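A closer look at the structure
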Amino acid sequence: MQPIDTSGAPVPPAALRPAAPPSSLSPSRAGDFMQCPLLYRFRVIDRLPEKPNAAAARGMLVHAVLERLFDVPAAERTAVRARAMVAGEWERLLAARPELAELFAGDGGAPASERRAEWLATAEQLVERWFTLEDPARLEPAERELFVQTTLDSGLRLRGIIDRVDVAPTGEVRIVDYKTGRAPRPEYAADALFQLKFYALVLWRRRGTVPRRLQLVYLGSGDVLTYDPTEADLRAVERKLLALWDAIGRATRTGDWLPHRSRLCDWCPHRALCPAWGGTPPPYPLPVATEPAAGEDERPAADAD
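Heads up: these notes are all about the structure in this document. (Residues numbered from 1 in each chain as written. Predicted model: local features only at pLDDT ≥ 70, side-chain atom pairs only at ≥ 80, totals over all residues. Heavy atoms only, no water.)

1. Regarding the overall build of the protein
When helices and strands are tallied, the protein shows eight helices and six strands. Listed by position from the N terminus, the elements making up the protein come as β-α-α-α-α-α-β-β-β-α-α-β-β-α. Taking all contacts inside the protein whose residues are at least 6 apart in sequence as the whole, residues at least 24 apart take part in 69%. On the protein, roughly 16,200 Å² of surface is accessible, and the fraction owed to carbon and sulfur atoms is 52%. (Helix = DSSP H or I, 4+ residues; strand = E, 2+ residues; numbered from the N terminus. Contact = heavy atoms within 4.5 Å. Areas by Shrake-Rupley, 256 points an atom, 1.4 Å probe, with all protein chains shown as cover.)

2. Quick word on the pairing of strand β5 (residues 213-218)
Summarising burial for β5: five of the six residues are buried, a large majority. The pairing of strand β4 (residues 173-179) with β5 spans six bridges and is parallel. If you follow Asp 177 over to β5, its bridge partner there is Leu 216. One ladder, built from five bridges, connects β5 with strand β6 (residues 223-227); its direction is antiparallel. Its bridge partner being in β6, Gln 215 is matched across the sheet by Thr 226. Hairpin connection, β5 to β6: the antiparallel pair is bridged by four residues, and Gly 222 has positive phi, about 75 degrees. (Buried < 20%, exposed > 50% of the residue type's maximum accessible area, 1.4 Å probe, protein only. Pairing = 2+ DSSP bridges.)

3. Some words on the packing of aromatic side chains
Under the criterion given, the structure shown has eleven aromatic pairs. With a centroid separation of 6.2 Å and 80 degrees between ring planes, the pair formed by Phe 33 and Trp 257 is classed as edge-to-face. One end of the pair, Phe 33, is in helix α1 (residues 27-35); the other, Trp 257, is in the segment after α8 (231-254), with 224 residues separating them in the sequence. Here Phe 33 matches Trp 257 in class, with each residue buried. Measuring from centroid to centroid gives 6.4 Å for Phe 194 and Phe 198, while their planes differ by 65 degrees, and the two rings are edge-to-face. With Phe 194 and Phe 198 both in helix α7 (residues 194-207) and four residues apart, the pair spans about one turn of that helix. Exposure class is identical for Phe 194 and Phe 198. Each is buried. In this structure an aromatic cluster arises from ring pairing among Phe 70, Trp 130, Phe 131 and Tyr 178. (Phe/Tyr/Trp six-rings, centres within 6.5 Å; stacked < 30°, edge-to-face > 60°.)

4. Digging into the pairing of strand β2 (residues 143-151)
In terms of strand pairing, β2 meets strand β3 (residues 157-167) through eight bridges, oriented antiparallel. Pairing of Thr 151 across the sheet is with Arg 157, part of β3. Linking β2 to β3, which pair antiparallel, is a turn of five residues; within it Gly 155 sits at a positive phi near 100 degrees.

5. Looking at the state of the cysteines
On inspection of all chains with the given rule, the structure shows zero disulfides. For Cys 36, which is in no disulfide, the shortest distance to another cysteine sulfur is to Cys 274 and amounts to 5.9 Å. Of the cysteine sulfurs around Cys 265, a residue in no disulfide, the closest is that of Cys 274, at 6.2 Å. On the basis of relative accessibility, which here comes to 10%, the residue Cys 265 falls in the buried class. (Disulfide = S-S within 2.5 Å.)

6. Here's the deal with the nonpolar core
Counting 45 residues, the largest nonpolar core has Leu 25, Leu 158, Ile 175, Leu 241 and Trp 257 as the members making the most contacts within it. For this core, the secondary-structure elements that each account for two or more residues are α1, α2 (37-45), β2, β3, β4, α7, β5 and α8. Those residues in contact with Ile 175 that sit more than four places away from it in its chain are Ile 162, Arg 164, Leu 196, Tyr 199, Ala 200, Leu 203, Pro 211, Arg 213, Leu 214 and Gln 215. Counting 27 residues, the second largest nonpolar core, distinct from the first, contains Leu 69, Val 72, Val 86 and Trp 130. (Core = buried A, V, L, I, M, F, W, Y, C linked by side-chain atoms within 4.5 Å.)

7. Brief notes about unusual backbone geometry
The backbone phi angle of Arg 47 is positive, close to 50 degrees, even though this residue is not glycine. With respect to the secondary-structure elements, Arg 47 resides in the loop between α2 and α3 (54-68). For Glu 145, which is not glycine, the phi dihedral falls at a positive 45 degrees. Tracing the chain through its elements places Glu 145 in strand β2.

8. What about the environment of Leu 39?
Tracing the chain through its elements places Leu 39 in helix α2. Here the alpha-carbon distance between Leu 39 and His 270, two residues 231 residues apart in the chain, equals 7.6 Å. Not counting residues within four places of it along the chain, the set of residues in contact with Leu 39 comprises Asp 32, Cys 268 and His 270.

9. Here we look at the pattern of salt bridges
For the structure shown, the criterion picks out 23 salt bridges. Ionic pairing is found between Glu 50 and Arg 43, a salt bridge with its closest N-O pair at 2.7 Å. Residue Glu 50 is classed as partly exposed on the basis of its relative accessible area of 36%. With a shortest N-O distance of 2.5 Å, Glu 99 and Arg 97 are connected by a salt bridge. For Arg 97, a relative accessible area of 33% corresponds to the partly exposed category. If you follow the salt bridges from partner to partner, you end up with Arg 29, Asp 32, Arg 43 and Glu 50 in one network. (Salt bridge = Lys/Arg side-chain N within 4 Å of Asp/Glu carboxyl O.)

Right, dumping it as structure tokens:
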């Protein structure tokens, strides 16, 4: 499905739009830059296309089921009902993203129909596991798939989509995010909470109240990770994001996007273009300046991310 802007004119896919400096930061793009600045460049500046990924597509499918289940009456929010929704939500997702059909293209292994059936079965298992962690019949989310954004005093625009926002009768807010993978080891819990702290910062800046609880629901391992943020936590996150934005601004201006080798390189869709692995990136599509002019703001300005 081709996106349409508010004027009714077709909007070209991101990969076909002219390159432009980023103007906003989301949790996923912040994570990309922290993982590897060159990966951020490939996704935000170059907008290189990426082949469909089975794990990511399964995540989208499971999220869609968990969101739409709340459209039915509370008494009908059962594991049986949720599992039955998986096939229909997959067809809906496939209609919106036809390229996902490539996930099961023939590669000499089992027939595509068998691989698709196995893949859908794993999605059903993840959906069913959710019922061992939360009881949707007792939940009435205030928001689902909530798009949020705010502009900090510095001018940095933060944006993202929150899976679920619960509001208690007393007004306390809980931010919930579903993960289809496994929970991290305890020493990596702080990294895992970065995304939710990002959302908490946005809501705090918009509404003036620090969310009471952050909750990560890991469907892959059946774990729930919670954290109660403080104002000091969110101020620290804001400082971290401003530092990231300054670094992104410098890289955007100079074209110096350094690759960072790690175990995650094994899953990078652009590894063949990475100089750390013997590849050659495409020509940098933006003007390059060696030093900013006096008084020049190094932060990117045009809308791209």
